[in-house]
Each structure stands twice: as structure tokens, then as C-alpha cells.
Protein chains: 2
Amino acid sequence: MLLSTPYVDHAPAAEETLLRCRELVRPALRTAVDRLHPWPRRVVSYSFGWVAADGSERAAPGSGGGTGQGVRPALAVLAAEAVGGACGSAVPGAVAVELVHASTLVHDDVADRGEQRRGRPAAWKEFGTGPAVLSGDALLALAVDVVSRVGGERSAQAVRLVSGALAGLVHGRSEEALFGSRPWAGPDAVRPAEYREAALRRTGTLLGCAAALGALLAGGSAGSVEAFGTAGRRLGLALQLAREVAGIWGPPATGRRPDHGSLLRGARTMPVVAAAALDQGVAGRLEKLLGGGEPLTRARAAYAAQLVEEAGGREFAVCEARRALESARDALDGLALAGPAAEEIDALAEFVVERRLRDCEDAGAVRMRVL
Amino acid sequence: MLLSTPYVDHAPAAEETLLRCRELVRPALRTAVDRLHPWPRRVVSYSFGWVAADGSERAAPGSGGGTGQGVRPALAVLAAEAVGGACGSAVPGAVAVELVHASTLVHDDVADRGEQRRGRPAAWKEFGTGPAVLSGDALLALAVDVVSRVGGERSAQAVRLVSGALAGLVHGRSEEALFGSRPWAGPDAVRPAEYREAALRRTGTLLGCAAALGALLAGGSAGSVEAFGTAGRRLGLALQLAREVAGIWGPPATGRRPDHGSLLRGARTMPVVAAAALDQGVAGRLEKLLGGGEPLTRARAAYAAQLVEEAGGREFAVCEARRALESARDALDGLALAGPAAEEIDALAEFVVERRLRDCEDAGAVRMRVL
């Protein structure tokens, strides 16, 4: 049954799109990074997954070139094409957004003492705190530099989109950090609506910025820039929620049984926040399980996942993800978009959100059979 | 004799200028900071010296409102006036530069584990590494936001000045950090010319950016923007070198005998770098004294100061500082500048560089009498 649903049809097209856009953007990203002083350049190139810690080029930097799936750059490029522009016009915007994203990863790992990033030691762990802090600053500076070089009347507006995104990210990161000190149960617990707002800022901001920059730099109307910004933000939220569901019930890379990864770390995600809000009894038990700041055993993480599921946290997060995906589509509804790019956006959005959600359903089904 | 020299005459005028410009810029700086999320806003307001760690307003934030002497904002304002503009036009530029400066201080303290800043615990020490890293990012984002809001055709150029300054700072901070791993003696020792280039970037960049932004935002010609940028960078170098001389031979706040403060910490400054370059024998002895990474005793710091002085390091740094001050003036030579502001710039530059150098001479004279 699952094999005949639309997301499977979308997968080859969406992967093709991601690949095409990654290959369009990556050379410009490397050229920008090459302008950095050699010292932060080494750290930055390591963070992008291009080089080993000693600076030597990596033979197989992974499908995304170490930069993840590439949804942000793809959305910038597709937005440019959809408003009738050339794909190349979006490249500085895509590069700037990737640089900002890399900066927040490097700085967040310093802030949280996160030791691993994409299966390798985090930059601060490999090079030291000082070089990591400086490299994050270098990435931010470079991002602003890249958009300010675009030239023409759109340059100032592009810079304002980036500076607005930087401010939004700070806001989202601040909210998230404050959530950590809130209780899991009772009147001061984080509400799902608050969590959604923070996630919209934290993850939606950069996807919204990428989409808006793509439309802007390709000469799109003010209305289309605005609409792409909104669509990108909502898609970012959908993506984040789908990732959070997959982080609990998704199959790990090596198998098809849920690994409850984010619960092992005690992370506060939408399914957990929603479960706690929906059932105060569950909230108290989740607080005991997850609120201690200690990593959980596998058995306790599995029990927490069951509590969250029974309280309706999983269903709530899945619904919210699908609703965000739908509202992202709605944002683009009034626009007259150019042919193939509009379809590619649809396929991409469906692919990155629905595939994750359905993979979880598959894993759940396998688990049910195994039990 | 010393009382009749020009710098004494300049002092009241220069202090008046600094006060006037600080009072012009500070409200806009606070308004900008008020736009931050409350969490980073607290850390940022603490870093500027406006509030205590608990967020309560400080009764006496010090003469500079905790933001130092205020040479950068003053130079932005004076440049605007000197090209015939209103002082207020420079304010967004002055605010942006102060925000960038504050960001580098907060992040540098995280990077170097510097525990004290302006006589109080550093931001990371008071609030934690995470909030300090995020607050530095918030300051950078806000700086870009402030200049991007200027509007009009000059906005894009103002943003390019700021992004250029951010890149220059990263370059200067990288160079300085790399100097730390170089030997004190031999062919790989840091050369005075290299040190000067790094100091020009590290300290000159922001003063140059402030001056150029002032001229730009007030409607100055491309030539005057360029000239003010150059003059500001050179003044920044002069200021840095004068500070370094004062850090070794200057009188501490409480007395008039040199306290060799920067040598106690083993800091690599122009007098030391120059002494090592001028005399390889001294270089070897300085390496033994300063290269261990341990704080020095007062007696050993005094001995190191004597070595540096005898090798000609002090004289070299003083000459370089005066040469930089002179060349800063030269940069403005061809411009037809508006009356009082041009004189105020002269007085300010003389005051901030010469006063420090002459204070050291006074302290030296007192020391000679005491010995």
C-alpha cells in the first residue's frame, strides 16, 4: 500500500532537484570560504565536511558534501526559477544562508558543549574553543559580505532579509535555551503553541530567508518575496516537526526499529511537549524520566516514547507537521509561478516532510510485527 | 615644562568632544539593544556596563557609560560634521561600530577564557558560555540590522563598510592568535611590520569603519569616505601602540610608577616584538621570561621592561605611534573640511595618543627621581 502513495513517486524527482541545486551552489560556497583567513578557513572547511582536521581534502564528503540534504539552497534556487528568473541569480542568497547556518552550528556546539557534529568531533572539540568562536564570527561576517556584494537596488533589501534572519535566529535560540529551565508539568510548562513559535523562528527563519532571497534576487515582485518567505518558514517548521517525530520513532540508519534517539538524550521536542500538555499525569512521569539531565537507558527511553504516544504527543506532532506543510503550500497559492520549478517545490516539500513521517510509520509497522 | 606642552591644552576640548558624542550616541545604542530578546539583552546591557548582573540599572556606570572612552563614536560624529553634515546622521554608524566592538569583546573573552572585563567578571563568567556566545551573535546581527535600516542609496554602501570591517577584524584576530604560537627569537619570530599590520586590522579596522561611516552617512564624497577610513585606521594603530607603551611604562590608576601590567601577563606587544627584532640576545632572554605562559613576578616584569627599553623597543613603539598619528593627519590633508569639527578631530587624536605617551614619560621621570 505504502509503495503506491505519492511520496514515493516524488522521491527520484526531489533527489534530482536537491542534487542539481547542491552542485549549482557548492562552488560559490567554496569560493566565498576561500576568501577567509587561512586559520578560520581550515575550521570552516572542516565544519562543512570538505576537509579533514589536518586540512586535507576528504575523498567522500558524503552525499550532501557534508552540508546536509541541501533543502535551503534548493529552495532558494527553485524560488528564483519559479518567479521566472535564472537559477544562478539565487546563488549568493543560497550561499549566505548556508554560511549563517554553519555559523550557528559551530557556535551552538561551543555553547552546548556538543561534542559530535555529523559523526565527527565538533569544531571546538577538534580545534579549540577560541578558533571555533572566531570561525563562527567569520562565517557570519562572510554571509553579510556575500549578500552585500550582490549589487544593484536589491542588495540593500537582501541584506535586510539576512539581518532579519539573524535577529530571528537569536530570538529562536534564546527561547529554546529558556525552555530548558522550565518545568515539564504544571502551569509553567512549555505550551505547544510556544514551542511551535520558537521552532518557527529556530528552523523556519533560515528556510524562509533562503526562499525569499531566491525570489528577490531573481527579480520577483514584493508580493512573491513575502509569500516565499512565509512558505519557507512554514516548510521549515514542518521539516523540524517531522525530524522530531523521526528522532523518536524513526528507523536508525542501520535498521528499521525505532531508536528513540532524542529521548535517550532527554531532548524537549514537540511530541514530548504536546504529550505533557495533553495529559498532566504523563507530564509528571515524563519530568521524572527526562528532567534529570542524565542520558536515559534504552528501556526507559522506550517507555517514555510509549507514554508520549499514548498521551497523543506523536499524533499531535504529525498533524502539526502536515498542517504546516499544507499552510506552506497555501502561502504560494495566489502566485502565478513558472512551470517546472513550482512542481519541483511541491515535490521537494512533500519528499522532505512526508518521507520522514512515513518512514516512522514503516518502522512502527515493523515494530508491531516484531513484538 | 610638560605642563606647557600642547596636549595639555587639548585635553579639556577633547574631553568635551568625547562627552558630547557619547551623549549623542548612547540613547540610540540603548534603543537598538532594547530590540533584542530579553535574554541576550540582559547579557549585552551588562557587557556595556549599564546594568548589574541581576538586570538592575547601575547607579554609576562610569565616565564612559562602561563603553570606554568613546573614541569610535566620537570619530564617526566628527567625520560627519567635518564633511558638512549634521552630527545626528552619523549615529547609526556609531551605534553599529559600538555593537560590533562589544561583540568581539564578549566573544574574545569566551575564546581566551578572560575572566575580567572592565573590572567586572566577563560575560561568560557571569552568565555562562552559551549565553555569552549567543549574545555576541546577537550584537553582530544587531549591528548589521542598524546599518541596513539607514535607508536610501547609502545603506548598501554602509553595510559593505560594516561587512568589510567584520572581515578585517576576523583577519586581525586570526593573525594575533597565530602570533601566540610563534617563537620569540630566531627567523620565525614575529616581525614588527607583521605586528603592525595585524594591529592595524585588529584595532584600526573599527576606528576606520566609524570614521568612514560618519563621512558616508553625512553625504560626504567618495574621496572623503575613503580618506576618513584611512585616517581612522591609522589613528587606531597609533592608539593601540600608545596603549601598549602605557601598558608597560604607564602609571597605574593609583600611582605614578610604571606597573609593567602587560608584561606581568606575558603579553606580546609592539615594544616587546620590536626589542626582540632589534637585539637577538634580548630576544632569547625575553623568550625565557615571557614565553612560559606563566604570569611573571613584579621583579621579573620590571627586568623584562628594562631589557625591552635597553634594546630600543620602547623608543621604536613610541616612534611608530607618532608616525601613525602623523599619517592619520596626512590622510585628511587634501580634504576641505568644515571648521570646528576638523579642529576637534585634531585635538582628539592628539589627546588620545599623546596623553598616554606623555603620561609614561611622567611616570618614567618620577621613577628616575625615586630611584
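Coordinates for the structure precede this section.
Okay, so let's go over this structure. (Residues numbered from 1 in each chain as written. Chains lettered and ligands numbered in written order. Predicted model: local features only at pLDDT ≥ 70, side-chain atom pairs only at ≥ 80, totals over all residues. Heavy atoms only, no water.)

1. Points about the overall build of chain A
Working step 1: Helices and strands together make up the secondary structure of chain A, namely 15 helices and two strands.
Working step 2: Along the first, second and third principal axes, the C-alpha set of chain A runs to 60 × 50 × 40 Å.
Working step 3: Within chain A, the proportion of its 371 residues that are buried is 56%.
Working step 4: The long-range fraction of contacts in chain A, counting pairs at least 24 apart against all pairs at least 6 apart in sequence, stands at 75%.
Working step 5: Accessible surface, chain A as shown: approximately 14,800 Å² in total, 53% of it carbon and sulfur.
Working step 6: The averaged location of the 43 negative side-chain charges in chain A is 4 Å from the averaged location of its 43 positive side-chain charges. (Helix = DSSP H or I, 4+ residues; strand = E, 2+ residues; numbered from the N terminus. Buried < 20%, exposed > 50% of the residue type's maximum accessible area, 1.4 Å probe, protein only. Contact = heavy atoms within 4.5 Å. Areas by Shrake-Rupley, 256 points an atom, 1.4 Å probe, with all protein chains shown as cover. Lys, Arg positive; Asp, Glu negative; His and termini not counted. Charge placed at Lys NZ, Arg CZ, Asp CG, Glu CD.)

2. As for the environment of Ala324(B)
Residue and element names in this part refer to chain B.
Working step 1: Mapped onto the elements, alanine 324 comes out in helix α14 (residues 313-331).
Working step 2: Judged by its relative accessible area of 5%, alanine 324 is buried.
Working step 3: When the C-alpha atoms of alanine 324 and alanine 238 are compared, they prove to be 5.1 Å apart, with 86 residues separating the residues in sequence.
Working step 4: If we ignore the near neighbours within four places in the chain, the residues touching alanine 324 are Arg234, Leu237 and Ala238.

3. Comments concerning the nonpolar core
A general tendency of soluble globular proteins is for nonpolar side chains to be buried together.
Working step 1: Counting 240 residues, the largest nonpolar core has Phe48(A), Leu99(A), Leu286(A), Phe48(B), Leu99(B) and Leu286(B) as the members making the most contacts within it.
Working step 2: Excluding its chain neighbours within four sequence positions, the residues that come into contact with Leu99(A) are Leu29(A), Val33(A), Phe48(A), Leu139(A), Leu142(A), Ala143(A) and Val146(A). (Core = buried A, V, L, I, M, F, W, Y, C linked by side-chain atoms within 4.5 Å.)

4. Considering the relation of the copies chain A and chain B
Working step 1: Expressed as a screw operation, the relation of chain A to chain B combines 0.0 Å of axial shift with a rotation of 180°, fitting to an RMSD of 0.0 Å. The superposition operator between the copies reduces to a two-fold rotation axis. Nearest to the rotation axis, the C-alpha of Ala156(A) is located 2.5 Å from it, this being the minimum over chain A. (Least-squares fit on C-alpha atoms with pLDDT ≥ 70 in both.)

5. Focus on the interface of chain A and chain B
Accessible area lost upon the coming together of the parts is a frequently used measure of interface size.
Working step 1: Each side of the interface is counted separately: chain A has 31 residues, and chain B has 31 residues.
Working step 2: With both sides pooled, the region where chain A packs onto chain B buries about 2,800 Å², and carbon together with sulfur makes up 73% of that total.
Working step 3: Inspection of the region where chain A meets chain B yields two salt bridges.
Working step 4: In this structure, the salt-bridge partner of Asp137(B) is Arg173(A), at a minimum N-O distance of 3.1 Å.
Working step 5: Taken together, the links from chain A to chain B amount to 10 residue pairs in polar contact (both at pLDDT 80 or more).
Working step 6: At the level of elements, α2 (38-47), α4 (91-112), α6 (129-148) and α7 (154-179) of chain A are the ones that each hand at least two residues to the side of chain A that touches chain B.
Working step 7: Sort the elements by how many residues they give to the side of chain A that touches chain B and α7(A) lands first, with 14 residues. (Buried area = accessible area lost by both parts, 1.4 Å probe. Salt bridge = Lys/Arg side-chain N within 4 Å of Asp/Glu carboxyl O. Polar contact = N/O pair within 3.5 Å; in protein donor to acceptor, adjacent residues only side chain to side chain.)

6. Notes on the environment of Ser103(A)
Residue and element names in this part refer to chain A.
Working step 1: Of note, serine 103 is situated in helix α4.
Working step 2: Residue serine 103 is classed as buried on the basis of its relative accessible area, which comes to 1%.
Working step 3: Along the chain, serine 103 and tryptophan 249 lie 146 residues apart, while their C-alpha atoms are 29 Å from each other.
Working step 4: When neighbours within four sequence positions are excluded, serine 103 is seen to be in contact with Gly136, Leu139 and Leu140.

7. Observations regarding unusual backbone geometry
The phi angle of most residues is negative, glycine excepted, and most peptide bonds adopt the trans form.
Residue and element names in this part refer to chain B.
Working step 1: One non-glycine residue, arginine 113, lies in positive phi territory at about 55°.
Working step 2: You can see arginine 113 is positioned in the loop between α4 (91-112) and β1 (116-117).
Working step 3: For arginine 113, a relative accessible area of 35% translates into the label partly exposed.

8. Quick notes on the side chain of His107(A)
Working step 1: Within the secondary structure, His107(A) is located in helix α4.
Working step 2: A distance of 2.8 Å separates a polar side-chain atom of His107(A) from the backbone oxygen of Val133(A).
Working step 3: When sequence neighbours within four positions are dropped, the list of residues in contact with His107(A) reads Ala132(A), Val133(A), Gly136(A), Asp137(A), Arg173(A), His107(B), Val133(B) and Asp137(B).

9. With respect to the pattern of salt bridges
Working step 1: Evaluated as defined, the whole model comprises 44 salt bridges over all chains.
Working step 2: When the shortest N-O distance is used, the salt bridge between Arg20(B) and Glu344(B) registers 3.3 Å. In this pair, Arg20(B) is assigned in helix α1 (residues 6-34) and Glu344(B) in helix α15 (residues 339-370), connecting sequence segments 324 residues apart.
Working step 3: Judged by relative accessible area, Arg20(B) falls into the partly exposed class, the value being 30%.
Working step 4: Judged by its relative accessible area of 19%, Glu344(B) falls in the buried class.
Working step 5: Connected via shared salt-bridge partners are Asp108(A), Arg173(A), Glu176(A), Arg202(A) and Asp137(B).

10. A word on helix α11 (residues 270-278) of chain A
Residues and elements named next belong to chain A.
Working step 1: Of all nine residues in α11, seven are buried; the element is thus mostly enclosed.
Working step 2: Of the positions making up α11, those classed as buried are Met270, Pro271, Val272, Val273, Ala274, Ala275 and Ala276.
Working step 3: Summarising the contacts, the buried residues of α11 are in contact with α8 (192-217), α9 (222-249), α10 (261-264), α12 (280-290), α13 (298-310) and α14 (313-331).

11. A short note on the packing of helix α3 (residues 71-82) of chain A against α4(A)
Residue and element names in this part refer to chain A.
Working step 1: Interhelical geometry of α3 versus α4 gives an angle of 160° and a closest axis separation of 9 Å. By the criterion of interaxial angle, the relationship of α3 to α4 is roughly antiparallel. Considering how the two elements wind past one another, α3 and α4 form a crossing that is right-handed. Together, Arg72, Pro73 and Ala76 of α3 and Ala94, Val97, Glu98 and His101 of α4 make up the contact between the two elements. (Axes fitted to C-alpha atoms, helices over the stretch in contact; angles between N-to-C directions. Parallel < 35°, antiparallel > 145°, perpendicular 65-115°, else oblique. Left-handed = near helix turned anticlockwise from the far one by under 90°.)

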